[in-house]
Amino acid sequence: MKTLCIILFVFLSVNNIFGQKSNSEKISTESTSIDFTETEFRGFKYKGIVYFVENDMQTIKALKKGKLFWEKNVVLECEKSKSSKLQIQKIKLHKGYLHAIYGNTDIWIEPVNGSIFICGVY
């Protein structure tokens with residue numbers, strides 16, 4: 001039983017350490033706008049906070065000093081448009097808010113706490 005606990009602990013530790021490495025290597029420090037159809041970057045860093053999209057292309061995460069600040073699955077939180085592809089195509093900071101686009105749906109997110117305040121079809 002003790003061995004099983006040690007193996008589980010090691011597995012979870014390694015997964016947490018190396019699990020996000022691929023996304024953290026694809027962070028832009030020069031731009032505050034990422035179009036996933038045009039670049040390999042998965043997010044950007046702005047004022048000490050890293051905003052990036054997970055591999056599912058539906059979840060946006062914010063990390064501050066390497067720790068999870070907030071996380072939102074914008075496709076689940078917003079009304080799903082039948083005509084849109086259910087994955088984020090673009091994220092950008094615009095007028096102090098994080099703006100995400102999937103299909104023909106706009107999502108405006110408060111970058112400090114991750115609350116969605118506008119979600120609609122354009």
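The structure displayed is predicted, hence computed values, not measured ones.

Basis of the calculations
- Residues numbered from 1 in each chain as written.
- Predicted model: local features only at pLDDT ≥ 70, side-chain atom pairs only at ≥ 80, totals over all residues.
- Heavy atoms only, no water.
- Helix = DSSP H or I, 4+ residues; strand = E, 2+ residues; numbered from the N terminus.
- Contact = heavy atoms within 4.5 Å.
- Areas by Shrake-Rupley, 256 points an atom, 1.4 Å probe, with all protein chains shown as cover.
- Pairing = 2+ DSSP bridges.
- Disulfide = S-S within 2.5 Å.
- Buried < 20%, exposed > 50% of the residue type's maximum accessible area, 1.4 Å probe, protein only.
- Lys, Arg positive; Asp, Glu negative; His and termini not counted.
- Salt bridge = Lys/Arg side-chain N within 4 Å of Asp/Glu carboxyl O.
- Polar contact = N/O pair within 3.5 Å; in protein donor to acceptor, adjacent residues only side chain to side chain.

Q: Whenever I open this one, the overall build of the protein confuses me. Can you help?
A: Scanning the protein from terminus to terminus reveals 3 helices and 10 strands. Secondary structure elements in the protein, listed N-terminal to C-terminal, are α-α-β-β-β-β-β-β-α-β-β-β-β. Long-range contacts, defined as pairs at least 24 residues apart, comprise 32% of the intrachain contacts of the protein with a sequence gap of at least 6. When the accessible area of the protein is evaluated, it comes to approximately 8000 Å², of which 55% is carbon and sulfur surface.

Q: Explanation requested: the sheet that holds strand β4 (residues 49–53) in the structure shown.
A: Strand order in the open sheet formed by 5 strands is β1-β3-β4-β5-β6, with mixed pairing between adjacent strands. With partners counted over all chains shown, the strands left at the sheet margins are β1 (27–28) and β6 (67–73), one partner each.

Q: Would you take a moment to explain the state of the cysteines for this structure?
A: Note: disulfide means a covalent bond formed between the sulfur atoms of two cysteine side chains. One pass over the full model with this rule turns up 1 disulfide. The disulfide partner of C78 is C119, and the gap between their sulfur atoms is 2.1 Å. In this pair, C78 sits in the loop between α3 (74–77) and β7 (90–94) while C119 sits in strand β10 (residues 116–121), placing the two residues 41 residues apart along the sequence. By relative accessible area, which is 5% here, C78 ends up buried.

Q: Would you mind showing me how to read the side chain of D106 here?
A: Tracing the chain through its elements places D106 in strand β9 (residues 105–109). Here D106 sits buried without a salt bridge, and the closest side chain of opposite charge, K92, lies 7.9 Å off (N-O distance). Only 3.0 Å separates the side chain of D106 from the side chain of H99, close enough to count as a polar contact.

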